[in-house]
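# Structural description and commentary
Okay, here's what each chain looks like letter by letter:
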Amino acid sequence: MEQTIGARIKDKRKEMGFTQEQLAEKVGVTYQAVSKWETDVSYPDVVLMAEVARALGTSLDWLATGSGDNTGECEKIRAFYGKITGTVTKDIHADVGKILGDVQADIYGDVKEDITGTVRNIFGNVEGNVVGTVNGDVTGYIHGNLIGTVTGSVKLGVHGRILGQIIGDGINVDDGKKKKK
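Residues take numbers from 1 onward in each chain, read along the sequence in its written order. Local features in this predicted model are restricted to residues whose pLDDT is 70 or higher, and side-chain atom pairs enter the listing and the counts only when it is 80 or higher, whereas totals over whole chains, interfaces and linings include all residues. Computation of side-chain values covers all heavy atoms of the structure but excludes hydrogens and water.

### Things to note about a nonpolar patch on the surface
Only residues whose relative accessible area exceeds 30% and that form no salt bridge enter a patch; like-charged residues are grouped when within 9 Å of one another, and nonpolar side chains (Val, Leu, Ile, Met, Phe, Trp, Tyr) when within 5 Å. Shrake-Rupley sampling with a 1.4 Å probe provides the accessible areas, and residues are treated as covered by the protein chains on show and by no other component. The term salt bridge refers to a side-chain nitrogen of Lys or Arg lying within 4 Å of a carboxyl oxygen of Asp or Glu. The grouping of Val131, Ile147 and Leu163 at the surface amounts to a nonpolar patch, some 270 Å² of accessible area in total. Here a strand is any run of E in DSSP of at least two residues, a helix any run of H or I of at least four, and the numbering for each starts at the N terminus. Within the fold, Val131 resides in the loop between β5 (118-119) and β6 (133-134).

### A word on helix α3 (residues 31-38)
Remark: exposure states derive from per-residue accessible area (1.4 Å probe, protein chains only) relative to the maximum for the residue type, with buried under 20%, exposed over 50%, and partly exposed in between. Of all the residues in α3, the buried ones are Ala33, Val34, Trp37 and Glu38. On an axial view of α3, the arc spanned by its buried residues comes to 135°, and they lie on one face. Only heavy atoms enter the contact rule, under which two residues are in contact if any of them lie within 4.5 Å. On its buried face, α3 sits against α1 (5-16), α2 (20-27) and α4 (46-56). Looking one or two residues beyond α3, the residue adopting positive phi is Asp40, at roughly 60°. This arc describes the spread of directions from the helix axis toward the C-beta atoms.

### Examining the sheet that holds β6
A pair of strands is labelled paired if DSSP reports no fewer than 2 bridges between them. Taken in spatial order, the six strands of this open sheet run β2-β4-β5-β6-β7-β8, and their pairing is parallel. Looking at strand neighbours, the two that pair on one side only are β2 (87-88) and β8 (165-166), the edges of this open sheet. Strand direction decides the pairing type here: strand β7 (residues 149-150) and β8, joined by two bridges, are parallel. Among the inter-strand pairings, Thr149 is bridged to a residue of β8, identified as Gln165.

### A short note on the nonpolar core
Counting residues in each nonpolar core, the largest one holds 22 residues, and the members touching the most others are Ile115 and Ile142. Leave out the neighbours within four places in its chain, and Ile142 touches Val126, Gly128, Val130, Val150, Val154, Gly157, Val158, His159 and Gly160. Core analysis: the second largest hydrophobic core is formed by 17 residues, Leu23, Ala24, Ala53 and Leu56 among them. Residues grouped as a nonpolar core are buried Ala, Val, Leu, Ile, Met, Phe, Trp, Tyr and Cys residues, joined through side-chain atoms within 4.5 Å.

These figures capture arrangement, not role.
The following block contains the structure:
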């Protein structure tokens, strides 16, 4: 019989020497949630799967299917979600493609393309343009243009043009031009 996701979580947790409480703390859930996963009562939400795999030092593929990397090499590769067109209400612990919808939670990763919808905080960089709204901070940079609004700060600057507005403080704007000495 093929091993379940719960059995893989339990075996890998024990191999790593973690208690249920320690794994729960790393992933940001309760130990009861980990217990339910391990007994196949429930499984981690899809947005938590990448965080569980990272905490256990394995690949998302191995965690979900039992095939692929189980050696910890997955830490070199971040989970990635493509285009978001609907509404997301839970935190995303991965890189994201394009945001056309509404993320009513935080993104713990980079946004690889444009934001035309809304996002709460981004704990990473925005590689494209912000046409929509970031209702909070961007802890990294915005590589493209800011045409929309950031209600918080852009900690590492806007590398393109600012045609919209930043309501927060503490920004560093880099327009890409070399400064004369």
